[in-house]
Structure formats: structure tokens, C-alpha cells
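Structural features, examined
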Amino acid sequence: MARYTEAKCRLCRREGVKLFLKGPRCNTEKCSFVKRPYAPGFHGNKMQRRKPSYYAMQLREKQKAKRMYGVLEKQFRRFFSIAVRTKGATGGILIQLLERRLDNVIYRSLCAFSRYQARQTVGHGFVFVNSRRVNIPSYLVKLGDVIEIRGREEFKKTI
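Below is a summary of the structure that appears in this document. (Residues numbered from 1 in each chain as written. Predicted model: local features only at pLDDT ≥ 70, side-chain atom pairs only at ≥ 80, totals over all residues. Heavy atoms only, no water.)

Some thoughts on helix 3 (residues 54–69)
A rise of 1.5 Å per residue sets the reference length of helix 3, with its 16 residues, at 22 Å; its end C-alpha atoms lie 23 Å apart and thus fit the reference within 8%. Those residues of helix 3 not exposed but buried are Q63, K64, A65, K66, R67 and Y69. At the C-terminal side of helix 3, G70 shows a positive phi close to 70°. (Helix = DSSP H or I, 4+ residues; strand = E, 2+ residues; numbered from the N terminus. Expected span 1.5 Å × (residues − 1). Buried < 20%, exposed > 50% of the residue type's maximum accessible area, 1.4 Å probe, protein only.)

Quick look at the sheet that holds strand 1 (residues 127–129)
Overall, antiparallel pairing links the three strands, which are arranged 2-1-3 in an open sheet. With partners counted over all chains shown, the strands left at the sheet margins are strand 2 (132–133) and strand 3 (147–149), one partner each. (Pairing = 2+ DSSP bridges.)

Some words on the pattern of salt bridges
Here the structure, examined in full by the defined rule, presents eight salt bridges. A salt bridge links K66 to E73; its shortest N-O distance comes to 2.9 Å. Classification of E73 as partly exposed rests on a relative accessible area of 26%. Between E73 and R77 there is a salt bridge; the shortest N-O distance is 3.3 Å. Here E73 and its partner R77 are both found in helix 4 (residues 73–85), four residues apart, which amounts to about one turn of the helix. (Salt bridge = Lys/Arg side-chain N within 4 Å of Asp/Glu carboxyl O.)

Looking at the packing of helix 4 against helix 5 (residues 90–99)
Between helix 4 and helix 5, the least distance of the axes is 8 Å, while the angle of their chain directions is 130°. Relative to helix 5, helix 4 is oriented oblique. For the pair helix 4 and helix 5, the sense of crossing is right-handed. Each of F76, F79, F80, I82, A83 and V84 in helix 4 lies in contact with helix 5, whose residues at this interface are T90, I93, L94, L97 and L98. Grouping the constituent residues of the contact of helix 4 with helix 5 by class yields 10 nonpolar, one polar and no charged. (Axes fitted to C-alpha atoms, helices over the stretch in contact; angles between N-to-C directions. Parallel < 35°, antiparallel > 145°, perpendicular 65-115°, else oblique. Left-handed = near helix turned anticlockwise from the far one by under 90°. Contact = heavy atoms within 4.5 Å. Nonpolar A, V, L, I, M, F, W, Y, C, P; charged D, E, K, R; others polar.)

Next comes the structure, spelled out in C-alpha cells:
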């Protein structure tokens, strides 16, 4: 499906915080947010003088969540509609759903340096959930699922 393939450091600069989209590079002085801590684009380094409206703050938080988890608008809306239908605080349930994604679980278990690398690991078929190969990064993991990552040697077929 679709995913964001352009400059990832640009997203951190737009949001005004480090989103750690490039893994260990974000902890070095090479991080573009450290070099240029202002918004990208022609008018980025001019100070924004007005206080953002309530809608603007809500939009920035939504965009930050989408970009942090590597989810585009349609999928984010799907997660939001599930969160609205579930009992409890919608925002908390939305974050729980995003944290249950397989690529995020791989990232959180320190098997990948970034969510993009975790997504690639899942997409290449190295991840098995309950002994079944899963190559869908948006797969929702349930409590009690056994997740294992197998190396390249186990994929070789003998003819």
C-alpha cells in the first residue's frame, strides 16, 4: 500500500520536535533538526508570531501521531473510527491501536532502529506470529501472540 517515501527529517522539522524517524542518526549532530531547528521551506526560519489556534494545535498533534507511526490519513481514520466505537477514552484507545501494529511492536522490542526499518523487516517476510509468516506491517498483534524473527538461512529451499 501507500507510504511516505520522501525526506523524513523534514517531518521532524515541520512538527518542531524530534520524531526519531531515522533511528540512531537522530541522536547525533548530523540530525537535520539539530542543524536547522525551524520549519522546512522558504519561510521556515522566519519566526511565527501569532499564537496557534486550538484547531491548529489539534491538527499538529494529529499530524505528529500519524508521522510518528508511519500511517497515512485513510488508515489513521480507520483506527480513529475503531477507537470511537470502543468504550473508554478515544485518544488513549487510538494510541493503543497504533502501538499494537506489528511494525511498531518490532520497533519497541528493539529488533529495528526505526519504525521504517521495522516495517521493512515485516514486509520482507522475516517475522512470524504464532509460527505463521506475516508480511503485513499493519497487522494488529493480540495479547499472548508469540512473535519471532527468523534469519535468511531458514528461508533457503533445497532443490
